[in-house]
Amino acid sequence: MSHPVFILVNLNPDFAQKIILDCQGQTTNLLVESGRAALDLLEQTPVDLILATLPVPDMSIEEFSRRTRETQPCTVIALLTETVDLGILSTVTNQGTLRGLFLPPWTPEAVFRKCIDIVDEEKTKAGIMAADQIMLSNQDLEREVRLRLTIQDLLQTEKDLLSTTLMSIGEGVIVTDDQECIILINKAAELITGYNALEAVQSPLHSIFRLSDSATLKPFDNEIEALFEIDHAEKAGKNVHHPTLQTKNGRRILIACNITPRSSEHDHTGGYVIIFQDITEKQKNEAQTALSQKMEAIGQLAAGIAHEINTPIQYIGDNLRFLSKAFSRYSETLDAYQLLAAEHVGKVVTQENVSRLEELGRNNKIPRYIQEIPTAIGEALDGIERVRKIVLAMREFSHPSEREKKLADINHGIETTVTISRNEWKYCADVELNLDHELPLIICQIDEINQVILNMIVNAAQAIQEKFPVGSGLKGKITISTFQRDSNISITVEDCGAGIPAEIQDRIFDPFFTTKGIGRGTGQGLSVAQNIIVKKHRGAISVDSKVGEGTKFTISLPIDNEEDGGNGNK
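Residues numbered from 1 in each chain as written. Predicted model: local features only at pLDDT ≥ 70, side-chain atom pairs only at ≥ 80, totals over all residues. Heavy atoms only, no water.

**Student:** Give me helix α3 (residues 61–71): which residues, what numbers.
**Tutor:** Of all the residues in α3, the buried ones are Ile61, Phe64, Ser65 and Thr68. All buried residues of α3 fall inside an arc of 100° around its axis, so they share one side. Those residues of α3 hidden inside the fold are in contact with β1 (5–9), α2 (35–42), β3 (49–53), β4 (76–80) and α4 (86–94). (Buried < 20%, exposed > 50% of the residue type's maximum accessible area, 1.4 Å probe, protein only. Helix = DSSP H or I, 4+ residues; strand = E, 2+ residues; numbered from the N terminus. Arc of directions from axis to C-beta. Contact = heavy atoms within 4.5 Å.)

Encoded structure:
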């Protein structure tokens, strides 16, 4: 009697070898790697059973089963599979080829023995009478029923696992039907909205998930449409307002969410899945981080600004003291002239009287004051102008950030920032401004752009100090340029400092990454700069640096940077 012939398709090599060893000559085993190779063997030699690992390479199991039945109707199939697809298994079972299904964990011995049993059963069925054939068919049906029950148990297990996972995740999940009524709400969504499942399920979405525009607090006409508009705007790279959600107790919170349509059996929208989270505290923390960074920068500049103001104040004071003294001398001399005039009303003024007055004028240094008073007044006015500029620049820089973007002059912002940061760079570098005065106004939050420029200037000054230490007598140069390129403006900040090693250039924008010593840097400056330029202004920031030669940062900002998405209103 010939040995049964098995084709082993797409089996793990070690697993297949163990089966071959376990068979001990009981079967003939043909190893192939693809479905097409197995079908080629079927056309050449009779085969009792095909043992395949799903998925079968190069074709679906339905096609493989069908072509097997067409080539050798008596050949049966056993499958090794990690997961169960009830639809696929039903199709293969109906084709009449599937006789075994192995789910993990499995062993070569058990699989081989089961395959032998399957072949024996098939041969037994082929040799018995019609009555017995009916009984065996019933047995097949019973096995199929058991298989379906097993599959149903597996599917129920997966469903329970999915439900447990859904209920335990930290993000809120709401699922609606095609009438926009809630059919599922998880624990996180209950906590965020304040409504429990009994209150929410079967309720209209708008009665539980009450959204409004965060800028105007105007309720959305339709939550679903509003969420899709926000989602499309975010995917298009536009800045959007996150919507606010009014909870059951009336509190308004800021949320981030996305929405996905559910497909029905007929490819129509069967409802929606909404995933959301409360980002109120996150937004507050981000704002606090930005404010802390700004206050840190202002704190670092405070001593330098005080020094910058102190110098002109000193010579204003010196000149005012000089003018006070001059005024006193002028008054004394003028009094003498007025006294002489009063004493000689109707009388002749002698040469002696005139000589005495001239001597008094010389003693009081009136000629010198006549020459130096205009200079003193000019210097005092110049000092006042310098103080005024510093105070105005500081006021502009430290002005609380406005939420909305407005038209702003980037060149003016740069000039303001250079003014207040002068004490940071004047001892180690000269600053050269190459500003395009034809640059258009752009829509931005100028105070945040100023903060980025300040970080760049301070970093450049520190890089130059690293290359030319204080006391070396050498100074570097920081060059700040602006120009327009298509629909963007570009800002470059270039220094001739120590440079950034190539191996860390891809990390300089990471939060808290710094190469500076303790107390000199927090590692947030460039991270905040990237967040401001890229996330808040849809721009770009890049660095080009060579060790020992210097560093060049390039910032690109769109001219039209309006927040034109995400309000959701019609």
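**Student:** Talk me through the sheet that holds β1; I want residue IDs and the actual numbers.
**Tutor:** The strands that make up a sheet pair up through hydrogen bonds in the backbone, lying either parallel or antiparallel. A sheet is described by the order of its strands in space; here five strands give the open sequence β2-β1-β3-β4-β5, paired in parallel fashion. Edge positions in the sheet fall to β2 (28–32) and β5 (98–102), since each has one partner strand and no second. For this sheet the average axis-to-axis angle between neighbouring strands, irrespective of direction, equals 20°. Pairing of β1 with β3, which is carried by four bridges, proceeds in the parallel orientation. Counted as the bridge partner of isoleucine 7 is isoleucine 50 from β3. Along the sheet, α3 makes contact with β1, β3 and β4, crossing β4 at roughly 160°. (Pairing = 2+ DSSP bridges. Axes fitted to C-alpha atoms, helices over the stretch in contact; angles between N-to-C directions.)

**Student:** A description of the nonpolar core should follow, citing residues and the corresponding values.
**Tutor:** Counting residues in hydrophobic clusters, the biggest one holds 39 residues, and the most contacted among them are Ile410, Ile478, Ile555 and Leu557. Looking at this core, the elements with two or more residues in it are α14 (410–420), β14 (442–444), α16 (446–467), β15 (476–485), β16 (488–495), α17 (525–536) and β18 (550–558). For this core, the leading source of residues is α16, giving eight residues. Residues in contact with isoleucine 478, not counting those within four places in the same chain, are Trp425, Ala429, Asp430, Val431, Glu432, Ile457, Ala460, Ala461, Ile464, Val493 and Glu494. (Core = buried A, V, L, I, M, F, W, Y, C linked by side-chain atoms within 4.5 Å.)

**Student:** Can you tell me about the pattern of salt bridges, naming the residues and giving the values?
**Tutor:** Note on pairing: side chains with opposite charge can pair once their charged atoms come close. Applying the stated rule across the entire model yields eleven salt bridges. Between arginine 67 and glutamate 63 there is a salt bridge, and its shortest N-O distance comes to 3.6 Å. One end of the pair, arginine 67, and the other, glutamate 63, are both in helix α3, four residues apart, so they sit about a helical turn from each other. Taking the relative accessible area as the measure of exposure, arginine 67 reaches 28% and is therefore partly exposed. A residue is classified by how much of its surface remains accessible, and glutamate 63, at 27% relative accessible area, is partly exposed. Two residues, glutamate 372 and arginine 368, come together in a salt bridge whose shortest N-O distance is 3.2 Å. With glutamate 372 and arginine 368 both in helix α13 (residues 366–398) and four residues apart, the pair spans about one turn of that helix. Note on glutamate 372: relative accessible area 32%, which makes it partly exposed. For arginine 368, a relative accessible area of 37% gives the class partly exposed. (Salt bridge = Lys/Arg side-chain N within 4 Å of Asp/Glu carboxyl O.)

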